[in-house]
Amino acid sequence: MMRNFDEFTITEAVLERVASAPDPRMRQIGEALVRHLHAFVREVEPTQAEWAAGIDFLTRTGQMCDDKRQEFILLSDTLGVSMLVDAINHRRPEGATETTVLGPFYVQGPPEFECGADISGAMTGLKLHVAGTVATLDGSPIADAVVDVWHADAEGGYDVQRPGDPAGRARLRTDAAGRFQFWTTRPCSYPVPHDGPVGQMLALQGRHPYRPAHVHFMIAAPGHETLVTHVFAAGDEYLDSDVVFGVKDSIIRPYTEHPPGTAPDGSVMGERYATLSYDFRLK
Ligand code: BEZ
Ligand code: FE
């Protein structure tokens, strides 16, 4: 008989029901979901009002999403789940550049620029020269790799968070020696969007919403695993408390400030500027 379930028998009953999923992976996922969700409820023993609040939280998380805002990714990020999935899928970096979260501000089909261009658009602030190389694990340069970059402005905002043209966002290609470079403006540390349910959750958990300053990179080349990472600014006050747990030592570099003078690409700078460089290795 499949009825009269109580708190001691209901988990087994649901597990039996989902065990008939024809696809084995779906069965495994369904069973783990039921076991862990039931264990969560047994541990927490929510009141009816608390369970309703949980449902309402997830409902509002969904309602907050549109083509520019992905509150569920933010929820996954701030609970450390995005970095856990990332870690499980990059267990043996074998000398490849370490990965971190994609985040919600990547835009498909970014504007294309020649190496050396200034990609900052309407962004203002300290000029930053970014240079790097892309190579295989044994150090051979990768020519014509697609290097997508995006970053926040000096106030910590992304172009997509306000009206206007793309800024601080580009697609470049490496040259025959695997090199790329561009000018932009130095990004600042910033809070992840916290005017929605995830922001309320962070406040209730006593957490700040900040990420340390960084430039995002997504680097793709035929025959190689696409690399999704950032280069974080050395010395940033949030390196040890990144709200999405994305910082790794190997992807921190100085954003070095310089007095007026000749920049690495030979441009003569009449004002202070900064430089950043990173050599990427693709699996
Ligand atoms: C970002 O770095 O753009 C980001 C990552 C995770 C959540 C929010 C923002
Ligand atoms: Fe970011």
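Further up the page is the structure itself.
Keep in mind the model is a prediction, meaning the values are calculated, not measured. (Residues numbered from 1 in each chain as written. Chains lettered and ligands numbered in written order. Predicted model: local features only at pLDDT ≥ 70, side-chain atom pairs only at ≥ 80, totals over all residues. Heavy atoms only, no water.)

Trainee: Help me out: how do you make sense of the packing of aromatic side chains in this one?
Mentor: Two measures describe an aromatic ring pair: the distance that separates the ring centres and the angle between the ring planes. Counting across every chain of the model gives 10 aromatic pairs. Geometrically, the ring pair formed by Phe-180 and Phe-182 is stacked, given 6.4 Å between the ring centres and 20° between the ring planes. There is no split in this pair, since Phe-180 and Phe-182 are both buried. (Phe/Tyr/Trp six-rings, centres within 6.5 Å; stacked < 30°, edge-to-face > 60°. Buried < 20%, exposed > 50% of the residue type's maximum accessible area, 1.4 Å probe, protein only.)

Trainee: I tried to follow the sheet that holds strand S1 (residues 127-136) on my own but got confused; where do I start?
Mentor: Through backbone hydrogen bonds, the strands of a sheet pair up, either in parallel or in antiparallel fashion. Spatially, 4 strands are ordered S4-S1-S13-S10 in an open sheet, and the strand pairing comes out mixed. Here the strands that pair on one side only, and so sit at the sheet edges, are strand S4 (179-185) and strand S10 (256-258). Each strand of the sheet is rotated relative to its neighbour by a mean of 25°, with strand direction disregarded. When S1 meets S4, the two strands line up antiparallel, connected through 7 bridges. Counted as the bridge partner of Ala-131 is Gln-181 from S4. (Pairing = 2+ DSSP bridges. Helix = DSSP H or I, 4+ residues; strand = E, 2+ residues; numbered from the N terminus. Axes fitted to C-alpha atoms, helices over the stretch in contact; angles between N-to-C directions.)

Trainee: Please clarify how the coordination of the iron ion (ligand 2) should be interpreted in this entry.
Mentor: A metal bound by six donors in octahedral fashion has ideal angles of 90 or 180 degrees, whereas one bound by four tetrahedral donors has an ideal angle of 109.5 degrees. Bound to the iron ion (ligand 2) on the protein side are Tyr-158 (OH), Tyr-190 (OH), His-214 (NE2) and His-216 (NE2), at distances that span 1.9 to 2.1 Å. Taken together, the 6 donor atoms coordinating the iron ion (ligand 2) and their angles of 55 to 163° define a geometry best described as irregular. Written as a sequence motif, the donor residues of the iron ion (ligand 2) are Y-x31-Y-x23-H-x1-H. On the basis of relative accessibility, which here comes to 1%, the residue His-214 falls in the buried class. (Donors = N, O, S within 2.8 Å, 3.2 Å for Na, K, Ca; no water. Tetrahedral: all angles 85-135°; square planar, octahedral: opposite > 155°, others 65-115°.)

Trainee: Could you clarify how one ought to interpret the nonpolar core in this entry?
Mentor: Nonpolar side chains in soluble globular proteins tend to end up buried together. Membership of the largest hydrophobic core comes to 30 residues, with the highest contact counts inside it found for Val-134, Val-149, Phe-180, Phe-217, Ile-219 and Phe-280. Contributions of two or more residues to this core are made by S1, strand S2 (146-151), strand S3 (169-173), S4, strand S7 (214-220), strand S8 (227-233) and strand S13 (273-282). Of all the elements, S13 adds the most residues to this core, at 5 residues. Filtering out sequence-adjacent residues up to four positions away, Phe-180 remains in contact with Cys-115, Val-130, Ala-131, Gly-132, Thr-133, Val-134, Val-147, Thr-174, Phe-217 and Phe-280. If you look at the next biggest cluster of nonpolar residues, it comprises 11 residues, including Phe-57, Val-192, Val-243 and Val-244. (Core = buried A, V, L, I, M, F, W, Y, C linked by side-chain atoms within 4.5 Å. Contact = heavy atoms within 4.5 Å.)

Trainee: How should I be thinking about helix H6 (residues 197-204) in this particular structure?
Mentor: An α-helical turn contains 3.6 residues, so a residue and the one three or four places further along point in the same direction. Residues of H6 that are buried: Pro-197, Val-198, Gly-199, Met-201 and Leu-202. In the core, the buried residues of H6 are packed alongside helix H3 (48-63) and helix H4 (71-78). Note on H6: the residue one or two positions beyond its end, Gly-206, has a positive phi of about 70°.

Trainee: Quick question: what am I supposed to make of the environment of Thr-11 here?
Mentor: Tracing the sequence through the fold places Thr-11 in helix H1 (residues 10-18). On the basis of relative accessibility, which here comes to 13%, the residue Thr-11 falls in the buried class. Expressed as a C-alpha distance, the spacing of Thr-11 and Asp-86, which sit 75 residues apart in the sequence, is 30 Å. Sequence-distant contacts of Thr-11, defined by excluding residues within four places in its chain, comprise Val-34, His-38 and Arg-42. In terms of polar contacts, Thr-11 uses its side chain to reach the side chain of Arg-42, at 2.9 Å. (Polar contact = N/O pair within 3.5 Å; in protein donor to acceptor, adjacent residues only side chain to side chain.)

Trainee: Looking at this model, I keep getting lost on the site of ligand 1. Mind explaining?
Mentor: Contacts to ligand 1 come from Leu-74, Asp-77, Gly-103, Pro-104, Phe-105, Tyr-158, Tyr-190, Val-192, Arg-211, His-214, His-216 and Val-244. Between an oxygen atom of ligand 1 and a side-chain N or O atom of Tyr-158, the distance comes to 3.4 Å. Here an oxygen atom of ligand 1 and a side-chain polar atom of Tyr-190 are 2.6 Å apart. At the level of secondary structure, the elements contributing two or more residues to the shell around ligand 1 comprise H4 and S7. When the residues that make up the shell around ligand 1 are grouped by side-chain class, the tally is 7 nonpolar, 3 polar and 2 charged. (Near = heavy atom within 4 Å. Nonpolar A, V, L, I, M, F, W, Y, C, P; charged D, E, K, R; others polar.)

Trainee: Mind showing me how you'd approach the packing of H4 against H6 here?
Mentor: Between H4 and H6, the least distance of the axes is 9 Å, while the angle of their chain directions is 25°. In terms of their interaxial angle, H4 and H6 are classed as roughly parallel. Touching Glu-71, Leu-74, Leu-75 and Thr-78 of H4 are Pro-197, Val-198, Gly-199, Met-201 and Leu-202, all from H6. A breakdown of the residues in the contact of H4 with H6 according to their chemical character gives 6 nonpolar, 2 polar and 1 charged. (Parallel < 35°, antiparallel > 145°, perpendicular 65-115°, else oblique.)

Trainee: So what exactly am I meant to see when it comes to the pattern of salt bridges here?
Mentor: Think of it this way: side chains of opposite charge can pair up when their charged atoms draw near. The full count for this structure, using the stated rule, is 13 salt bridges. With a shortest N-O distance of 3.9 Å, Glu-112 and Arg-173 are connected by a salt bridge. Taken together, the residues span a long stretch of sequence, with Glu-112 in the loop between helix H5 (81-89) and S1 and Arg-173 in strand S3 at a distance of 61 residues. Judged by relative accessible area, Glu-112 falls into the exposed class, the value being 54%. The salt bridge involving Asp-175 is made with Arg-179; its shortest N-O contact spans 3.0 Å. (Salt bridge = Lys/Arg side-chain N within 4 Å of Asp/Glu carboxyl O.)

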